[in-house]
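Read off the chains here:
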Amino acid sequence: MDYDVIVVGGGPVGMMLAGELALADVKVCVLEKLEATTPYSRALSIHPRTLEIMDLRGLKSELLKIGKTLPTGHFAGLETRLDFTVIDSSSNYSLFIAQSETEKALELRAKELGADIRRGIDVLSVTQSSDCVEVIASGDTGQITLTAAYAIGADGAGSIVRKQANIAFNGTDATLTAVQGDVVFKSPPKTTVVSSFNEKGMIMIVPVSKELHRVVFIDPERNSIPKDEPVTLEELRSGMIRMLGDDYGISDPYWMTRFGNATRQAERYREGRLFLAGDAAHIHFPAGGQGMNVGLQEAMNLGWKLAAEVKGWAPEDLLDSYHAERFPVNTTLLRNTKVQTLLFGTDFSPTAIHLRSMISDLLLSPDANYRLASQIAAVDVQYNVRENVSSHLLNGRRLAEIKLRSQNGDVFSSYELFREGKYVLLNLASDKITETIVSNLQHQHFKFASATLSDQVNGWEDVHTALIRPDGYIAWAVSVAEADVISRIELGIKQISRG
Ligand SMILES: Cc1cc2nc3c(=O)[nH]c(=O)nc-3n(C[C@H](O)[C@H](O)[C@H](O)COP(=O)(O)OP(=O)(O)OC[C@H]3O[C@@H](n4cnc5c(N)ncnc54)[C@H](O)[C@@H]3O)c2cc1C
C-alpha cells in the first residue's frame, strides 16, 4: 500500500485533515489539482470554535498575527450584530483572515508534520475493494495509480469521491445569486463592517486585507443572473450607489464573482473505506460565514478517529461516529443558512424590512443574542457520550480553555495539553491512585496530566478526573462525590480503545 490515507483535495479541510493524520504518525498524502494555493479567498471569517481548535493545536497565534479581530458575528446581516464577547471562550471574537492565508498555514503545518502534499494532481477515479482504496490521477508525469487503506474526499462541492462512492447529495439547486467583488476603495468606510438592507437590496462590506475590501450584495433586479456570468466593476459600482448611496471610490477589482444558494448534504459521510468532509459533504449559501469553519471542525472530528483506526486501537464504532456526530450538526447548519437566505435574499418589501427590524430588536435581548451567537460560533455543539460513563454536566461538551496549576505551581492553559492530538486524562484531585492506575494500563492512547484549577470555573468545581477527546470534547468527567471514583475512571479509560 502506498499510503495509510489519501486525502483528495487540498483546500482548507484537506490540509487540516492531512495535518491531523500526520500528527498521529499516519502515512498520509494530499492530492490537489491546483499547482499553488488559490489567491482568491472565499472565506474571510473564522469563528470562535474554529479558533479554539486552532488553539488546541498551537496554530491560533500565527493566524492572529495575519488577520484582524472583531468582537461580533452576524445573522442574515441584521442590524443587531451577534455579540461573541459573552461566549465563555478565550476566542470570543471573529477573525477576519483571507482563506488563502488559512490554507497556507494549514499546508505548512501538514508538510512539517510529514504529510506528502502532491500538487498538480487531478484525481480521475477512486474505487474501493474490501481491503484497500485505489486512486487514479493525472499529473505532470502522466497517469498514476496510488493505493491506500482509506481515502477522504475533501474535494469540494463537485467531489469526485462522493460521486464515485455513489453517495446521494440531497437538497435543492440555487434559486438566486449574489454578487461579490474584492476591490480597492479610495475613501474606505469608517466602520470595519458596513451592512445595509432596504427595498433596493442587501449589501455588506468587510475588509479582506490592508489593501482590499469585499463588497457582497443581493440585488433583487439582478439575482437571477446565472452564477457563471462575469461580474463587472460597473455592476458593483451601480449596485453600491443604489443600495448605499456611496461607492467609496471603488477601483482596481482583484476578484469579481457570483455565487448561489444551492443547499445540499451528502446522505452519508462514510461509505466503507471512503469518507467525505467539508464542501464535499455539504454546501449552502455562505450566510454568516460558516462553511469553512464547519469543514475544519469536521476535519478535527475525523482526523483522530481515522488515525486510531489506522493504528489499530479504535473501538468498533468509532469510525461510524463521524457521520453520527457531524450529520446532525450540518443539518442544523443548512437550516440556519436557509433561514438567513429567506431573511436577506428573497423579499425586499416593506413587510420584510419590518420583519428584519423586529428580529433585530429581539436580538437586543441578551438571551436571544447569545442563542444565535453560540450557533454561528459553533460553541453549542454537544455530542452524545458512551452509555455507561458516569453522568456529569460536562459530558459531551466542548472544553473551553481553563487555566491549570501544575504540581510545581506553574500556571498553564488546558489547551497546551492537546498539541500532540491525543486524548487527555486530566486528574484534578492530585491523588496518587489515578496515577498508579494509569501507569499500570496496557495502552497509553492518552496524555495524563495531574493539576489543579488555577481559578474557579463553572461546571468544574466537583471534577475529580475528566477524559477529553483529541478534538477537545469531554468524553466523561467523574465527580469527587461519585461512590466508586477509581473503578469509574478505570472503566472510562478502557472504553476508548478496542478490546
Ligand atoms: C463567497 C463565499 C464566501 C464564503 N465565506 C466564508 C466565510 O467567511 N467563512 C467560512 O467559514 N466559509 C465561507 N465560505 C465557504 C468556504 O469557502 C468553503 O466552505 C470552503 O472553501 C470549503 O473548504 P473545502 O476544503 O471543503 O473545499 P474547497 O475549498 O472547495 O477545496 C477543495 C479542493 O479540492 C481540489 N479538488 C477538487 N477536485 C479535485 C480532483 N478531482 N483532484 C484533485 N483535487 C481536486 C480543489 O482544487 C480544491 O483545492 C464562503 C464561500 C463563498 C462562495
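Residues numbered from 1 in each chain as written. Predicted model: local features only at pLDDT ≥ 70, side-chain atom pairs only at ≥ 80, totals over all residues. Heavy atoms only, no water.

1. A look at the overall build of the protein
What counts, and what does not: Runs of H or I in DSSP of at least four residues are treated as helices and runs of E of at least two as strands, each being numbered from the N terminus. Radius of gyration: C-alpha atoms only; globule rule: 2.2 Å multiplied by the number of residues to the exponent 0.38. Burial status follows relative accessibility: with a 1.4 Å probe on protein chains alone, a residue under 20% of its type maximum counts as buried, one over 50% as exposed, and anything between as partly exposed. For the accessible areas, the method is Shrake-Rupley and the probe is 1.4 Å, while residue cover comes only from the protein chains on display.
When its secondary structure is counted, the protein shows twelve helices and 27 strands. Taking 23 Å as the expected radius of gyration for a compact globule of 499 residues, we find that the protein reaches 24 Å, a close match to that expectation. Oriented by its inertia axes, the alpha-carbon framework of the protein measures out at about 70 × 60 × 35 Å. Per-residue burial over the protein gives 57% buried out of 499 residues. Approximately 21000 Å² of the protein is accessible, and the part contributed by carbon and sulfur atoms is 51%.

2. Overview of helix α10 (residues 366-377)
For clarity, the cut-off: By this rule the span expected of a helix is its residue count minus one, scaled by 1.5 Å. Contacts are assigned to residue pairs that have any heavy atoms within 4.5 Å of one another.
Look at α10: 16 Å from first C-alpha to last across twelve residues, which is about the 16 Å you get at 1.5 Å a residue. N369, L372, A373, S374, I376 and A377 are the residues of α10 that are buried. The inward-facing, buried residues of α10 abut α2 (48-56), β6 (82-83) and α8 (320-345). Where α10 terminates, the next one or two residues include A378, which has phi positive at roughly 65°.

3. Looking at the sheet that holds strand β25 (residues 446-453)
Selection criterion: Only strands that DSSP links by at least two bridges are regarded as paired with each other. Comment: axis = line fitted to C-alpha atoms, over the contacting stretch for helices; angle = value between 0 and 180 degrees taken between N-to-C directions.
Strand order in the open sheet formed by six strands is β23-β22-β25-β24-β26-β27, and the pairing between neighbours is mixed. Of all the strands in the sheet, the pair left with one neighbour each is β23 (411-413) and β27 (474-479). Recorded for the sheet is a direction-independent mean angle of 35° between the axes of neighbouring strands.

4. Thoughts on the UniProt feature "domain: FAD-binding" (unreviewed entry) in the protein
So the rule is basically this: UniProt positions are given in the numbering used here, feature names are shortened, and annotations may be inferred rather than shown by experiment.
Under the local residue numbering, the UniProt record ascribes the feature "domain: FAD-binding" (unreviewed entry) to residues 2-336. End C-alpha atoms of residues 2-336 are separated by 41 Å, and the span's content is 29% helix alongside 32% strand.

5. Observations concerning the nonpolar core
Counted only if it meets this: What makes a nonpolar core is a set of buried Ala, Val, Leu, Ile, Met, Phe, Trp, Tyr and Cys residues whose side-chain atoms join them at distances within 4.5 Å. A domain assignment, automatic or from a database, supplies the domain bounds used here.
Judged by nonpolar contacts, the single largest core of 87 residues is most densely connected at I152 and W460. When we break this core down by domain, the ones giving at least three residues each are domain 1 (3-172 + 263-377) and domain 3 (403-494). Discounting chain neighbours no more than four positions away, the residues touching I152 are V5, I6, V7, V8, L17, L21, F275, A277, L302 and L306. In this structure, A76, L78, A287 and L343 belong to the second largest nonpolar core, which totals 32 residues.

6. Remarks on unusual backbone geometry
Here Y248, not a glycine, exhibits a phi torsion of approximately 50°, which is positive. Exposure remark for Y248: the relative accessible area of 14% places this residue in the buried category. Unusually for a residue other than glycine, S430 sits at a positive phi of about 50°. When its relative accessible area of 42% is taken as the criterion, S430 is described as partly exposed.

7. A few points about the pairing of strand β9 (residues 122-128)
Relative to strand β10 (residues 133-139), β9 is paired through six bridges, and the arrangement is antiparallel. Following the sheet pairing, V123 is matched in β10 by A137. Where β9 hands over to β10, the hairpin turn is made up of four residues, counted between the paired strands.

8. Things to note about the sheet that holds strand β21 (residues 282-283)
The strand order across the open sheet built from three strands is β12-β18-β21, with neighbouring strands paired in antiparallel fashion. Because the sheet does not close on itself, it has two edges, and the strands there are β12 (169-172) and β21. Strand contacts of α8: β12, β18 (263-266) and β21, with the helix running at about 175° to β18, the strand carrying the most contacts.

9. Brief notes about the domain arrangement of the protein
Spelled out, the test is: Two parts placed together each lose some accessible area under a 1.4 Å probe, and adding up what both lose gives the buried area. In the sections that follow, a salt bridge refers to a side-chain nitrogen of Lys or Arg positioned within 4 Å of a carboxyl oxygen of Asp or Glu. Any pair of N or O atoms that falls within 3.5 Å is considered a polar contact. Within protein, one atom must be able to donate a hydrogen and the other to accept it, and sequence-neighbouring residues count only if both atoms are side-chain atoms. Residues are sorted three ways: Asp, Glu, Lys and Arg are charged, Ala, Val, Leu, Ile, Met, Phe, Trp, Tyr, Cys and Pro are nonpolar, and all the rest, Gly among them, are polar.
On domain assignment, one finds that the protein holds domain 1 (3-172 + 263-377), domain 2 (177-260) and domain 3 (403-494). The gap between the C-alpha centroids of domain 1 and domain 2 is 26 Å. Tallying the contact residues gives 20 residues for domain 1 and 22 residues for domain 2. Between domain 1 and domain 2 the total buried area reaches about 1900 Å² when both faces are included, carbon and sulfur atoms providing 75% of it. Viewed at the interface, domain 2 and domain 1 are joined by zero salt bridges. Applying the counting criterion to the domain 1 and domain 2 interface returns three residue pairs in polar contact (both at pLDDT 80 or more). The element contributing the most residues to the side of domain 1 that touches domain 2 is α8, with three residues. Residue classes in the side of domain 1 that touches domain 2 are distributed as eleven nonpolar, four polar and five charged.

10. Some points on the site of the ligand
Stated formally: Near is defined per residue: the residue qualifies when any heavy atom it owns lies within 4 Å of the molecule or strand.
E32, R42, Q180, D279 and M292 are the nearest of the 31 residues found near the ligand. For the ligand, an oxygen atom lies 2.9 Å from a polar atom in the side chain of Q99. Protein burial of the ligand: of its 1000 Å² of free accessible surface, 88% is covered by the chains. Mapped onto the shell around the ligand, the elements with two or more residues apiece are α1 (12-23), β2 (28-32), β9 and α7 (291-310). If one sorts the elements of the shell around the ligand by residue count, α7 sits on top with three residues. Here the residues of the shell around the ligand sort into 13 nonpolar, twelve polar and six charged.

11. Some words on the environment of V424
Note on placement: V424 falls in strand β24 (residues 423-427). It is 4.8 Å that separates the C-alpha atoms of V424 and K447, two residues lying 23 residues apart in sequence. Setting aside anything within four residues of it in sequence, one finds V424 in contact with L417, F418, K447, A466, L467 and I468.

12. Quick word on the packing of aromatic side chains
Formally: Two rings from Phe, Tyr or Trp (for Trp, the six-membered ring) form a pair when their centres sit within 6.5 Å of each other. Planes less than 30 degrees apart are called stacked, planes more than 60 degrees apart edge-to-face, and all others tilted. Note on criteria: charge over ring means Lys NZ or Arg CZ within 6 Å of the ring centre, with the direction from the centre no more than 35 degrees off the ring normal.
Tallying each qualifying case throughout the model produces 13 aromatic pairs. Seen from their ring centres, F197 and F348 are 5.2 Å apart, and the 20° between their planes marks the pair as stacked. Residue F197 is found in strand β14 (residues 194-198), and its partner F348 is found in the loop between α8 and α9 (350-362); the two are separated by 151 residues along the sequence. Exposure remark for F197: the relative accessible area of 15% places this residue in the buried category. Aromatic rings pair up to connect Y150, Y269, F275, Y322 and F327 into one cluster. The positively charged end of R273 is found above the aromatic ring belonging to Y150, 5.2 Å away from the centroid. Between the NZ or CZ atom of R356 and the centre of the ring of F197, over which it lies, the distance is 4.1 Å.

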